[in-house]
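As a plain string of letters, each chain reads:
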Amino acid sequence: MADEAARPGDGPATAPRQPTRGATYRSHFGDWDTRAWVRAKPRRNSPFRPGLDFFSADLCVPLRHPQVRAAGLRVRRDLLVHCLYQYLEFTVQLETGPVNEACLLLRSPAFLPSLPTGMKNDALRIYTDEAGHAEMSHTLQAAVQEETGVP
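As the structure is a prediction and not an experimental result, all values here were calculated from the model.

Analysis parameters
- Residues numbered from 1 in each chain as written.
- Predicted model: local features only at pLDDT ≥ 70, side-chain atom pairs only at ≥ 80, totals over all residues.
- Heavy atoms only, no water.
- Helix = DSSP H or I, 4+ residues; strand = E, 2+ residues; numbered from the N terminus.
- Contact = heavy atoms within 4.5 Å.
- pLDDT = per-residue confidence, 0-100.
- Core = buried A, V, L, I, M, F, W, Y, C linked by side-chain atoms within 4.5 Å.
- Buried < 20%, exposed > 50% of the residue type's maximum accessible area, 1.4 Å probe, protein only.
- Expected span 1.5 Å × (residues − 1).
- Bend = angle between axes of the 7 residues up to and from the residue.
- Polar contact = N/O pair within 3.5 Å; in protein donor to acceptor, adjacent residues only side chain to side chain.

## Describing the environment of Leu 80
Tracing the backbone shows Leu 80 in helix α4 (residues 73-107). The spatial distance from the C-alpha of Leu 80 to the C-alpha of Asp 53 is 7.3 Å, given a sequence separation of 27 residues. Sequence-distant contacts of Leu 80, that is, excluding residues within four places in its chain, are made with Asp 53, Phe 55, Ser 56, Ala 57, Cys 60 and Leu 63.

## Overview of the confidence of the model for the chain
The share of residues in the chain with pLDDT of 70 or more is 85%, and the mean pLDDT across the chain is 85. Considering only residues more than four positions removed or in separate chains, one finds that residues 1-17, a stretch of pLDDT under 50, has zero contacts.

## Quick word on the nonpolar core
Counting twelve residues, the largest nonpolar core is built from Phe 54, Phe 55, Cys 60, Leu 63, Leu 80, Val 81, Cys 83, Leu 84, Tyr 85, Leu 88, Val 144 and Val 150. Counting residues per element, this core draws most heavily on α4, which supplies six residues. In this structure, Leu 88 is in contact with Ser 137, Leu 140 and Gln 141, ignoring residues within four places of it in sequence.

## Things to note about α4
Along an α-helix, a turn takes 3.6 residues, which lines up residues three or four apart on a common side. The terminal C-alpha atoms of α4 lie 49 Å apart, and with 35 residues this matches the ideal 51 Å at 1.5 Å per residue to within 8%. Maximal helix bending in α4 amounts to about 40 degrees, located at Asn 100.

## A short note on the side chain of Glu 95
In this fold, Glu 95 is placed in helix α4. Within polar-contact distance, the side chain of Glu 95 engages the side chain of His 133 at 3.3 Å. Ignoring sequence-local partners within four residues, the contact set of Glu 95 consists of Asn 100, Glu 130, His 133 and Ala 134.

## Quick notes on helix α5 (residues 117-148)
For α5, spanning 32 residues, the distance from its first C-alpha to its last is 47 Å, which sits close to the expected 46 Å at 1.5 Å a residue. Every buried residue of α5 is listed here: Lys 120, Asp 122, Ala 123, Asp 129, Glu 130, Gly 132, Ala 134, Ser 137, Gln 141, Val 144 and Thr 148. Lining the buried residues of α5 we find α1 (32-35), α2 (37-40) and α4. The first or second residue beyond α5 is Gly 149, which carries a positive phi of 75 degrees.

Below, the structure is given as C-alpha cells:
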C-alpha cells in the first residue's frame, strides 16, 4: 500500500497498537461450569441402537469401490467400524496434540504477554474441554470394540 508509506518529514512510522494486559476482554466462558460437557453433562452409557451403522457410509471412501460394495454385509459393517476408529483416533490425537499445545502456548506468560489474563484463563478451559473430547472419543472406541468385537 504505497499511499500509506511514510514520507520524509512525516516522523517515525508507528506499529499497530497492541492490546494491553488491562484491555477489556469479554469471556464467552461465564457459564462454562454448567454448560461444558466435561464439567456438567452425564457420560454416555446407553446401549447402541441395533440396525444402525457405526459410521456414515457416505464418509467411508473404501465403500465406494465396486468390490467392497459387492462384499458381504459383515465386511461392510466392519469397514464402517474401522472408519469410525480412524475418526475417533484422529480426534484423540488432534485434541491432545496440536489443539492443546496451542492452548498451553496461549497460557504461557512469555507468549503474547499482552493477552488479557481472562483470555489466558479461557485457554485453560478450552484445554480441559478438548482433553474431554479426546477421552470421550477414546471411551467410545472401546465401547464400539466391545459391542462389535472388531479390534
